[in-house]
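Here's the letter readout for the chains.
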Amino acid sequence: MTMTAMMVFSPVVVVRGAIKTTPKRDDPCRFETPSYPSVPGGGNARGFPSFLPKEIEDIKDPFARRLARRIERVPVENESSGGFIMSSCVRPSVVQSSGHPVVLLHCFDSSCLEWRCAHPLLEEAGLEVWAVDVLGWGFSDLEMRPSCGVSTKRNHLYQFWKSHMRRPMVLVGPSLGASVAIDFAVNHPEAVAKLVLINASVYTEGLGNLSTLPEVVAYAGVSILRSLPLRLYANMMSFHEISFSTRYDWTNVGRLHCLLPWWKESMVSFMKSGGYNVVDQIKQVKHDVLIVYAEHDKIIPKKLQVRLHCELPKAIIRQVPDCGHLLHVEKPRAVTKLIAGFASGACVS
């Protein structure tokens, strides 16, 4: 598996027809981008968290900007050091006293900004929604350079749940996030009520030879993974029919977390851990599972979604038509309807 192959699981790929000149009511990410008031120094008056890279000011997508203003850091225990990691997330607008919180993970090398279109709709549906950055990705404070391998990612999510929820959750994992969700559910079944797996990438057996690369080579490869040209190329390879300006802006949304000073170290740490290999864990999942896949996903074949449905003992499967890999960006209303219905126990149509 090459770095380019790893790249396709990243949210820098955008969706076909994501922004058009005529807004459509059924898709919040199709509205035109508004202008923002300028302030001295070239910034704006929108109040972004100070820990976000300054390049957030250059993002045009109004939904990314809106969700970025809600990102905060909360303390999560780091068992290996005995201290705390200030971990990035978007808290729910309302914490409910009953019901299952919905916890949104993200794709490989991504952040909670991936949920910029669906998050507000999920909250409008009355759900308690947490968008959580997986350890090593996103906008957490990793100044102390903690290990960011598979086991530490799992433990970090568990400590996050233990500190801030303590109720079984509906865990939502898109693409490689589905591997994160399955690994977590098998190791901590008491923390999970249900799983939602979106365009699941669960049949890649780790990172192969990437985990044994010499450190200098690993750092060089990671630097390429962050590069704007490669991420733009990933967009062009995966989707079409969007303007270059939209592609460029959405690429910058997807790579924003890569600009933090500890991103390289956390990525190399993940590579050295061998990556996710959950093939043998799939049949151990005992929870109810909703599998959602896109009609025109060019990254994860439909046959793998069908295989996953067959191997999970308590799964249902639904297709979302006329969209690609990041269907929660391209078709947020359809995804919201499926997640909300599944979380509430209603029939999912």
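So, here is what we can say about the structure in this document. (Residues numbered from 1 in each chain as written. Predicted model: local features only at pLDDT ≥ 70, side-chain atom pairs only at ≥ 80, totals over all residues. Heavy atoms only, no water.)

Another aspect to go through is the pattern of salt bridges. One pass over the full model with this rule turns up ten salt bridges. The partner of Glu265 in a salt bridge is Arg145, with the nearest N and O atoms 4.0 Å apart. With Glu265 in helix H9 (residues 263-273) and Arg145 in the loop between strand E4 (129-132) and helix H4 (150-164), this residue pair connects regions lying 120 residues apart in the sequence. Residue classification places Glu265 among the partly exposed positions, given a relative accessible area of 28%. (Salt bridge = Lys/Arg side-chain N within 4 Å of Asp/Glu carboxyl O. Helix = DSSP H or I, 4+ residues; strand = E, 2+ residues; numbered from the N terminus. Buried < 20%, exposed > 50% of the residue type's maximum accessible area, 1.4 Å probe, protein only.)

The next point concerns the sheet that holds strand E7 (residues 288-294). Taking strand neighbours across the sheet as the criterion, the eight strands line up as E1-E2-E4-E3-E5-E6-E7-E8 in an open arrangement whose pairing is mixed. The open sheet has two free edges, formed respectively by strand E1 (71-78) and strand E8 (315-320), since each of these has just one partner strand. The sheet shows a mean angle of 30° between the axes of neighbouring strands, taken without regard to direction. Pairing analysis gives two bridges linking strand E2 (residues 83-90) to E4, with the strands arranged antiparallel. If you follow Val90 over to E4, its bridge partner there is Ala131. Running over the sheet, helix H10 (residues 302-311) touches strand E6 (192-198), E7 and E8 and is turned about 170° from E7. The strands touched by helix H12 (residues 332-344) are strand E3 (102-104), strand E5 (169-174), E6, E7 and E8; relative to E6, the strand with the most contacts, the crossing angle is about 160°. (Pairing = 2+ DSSP bridges. Axes fitted to C-alpha atoms, helices over the stretch in contact; angles between N-to-C directions. Contact = heavy atoms within 4.5 Å.)

Bear in mind that shape data such as this cannot, by itself, settle questions of function.
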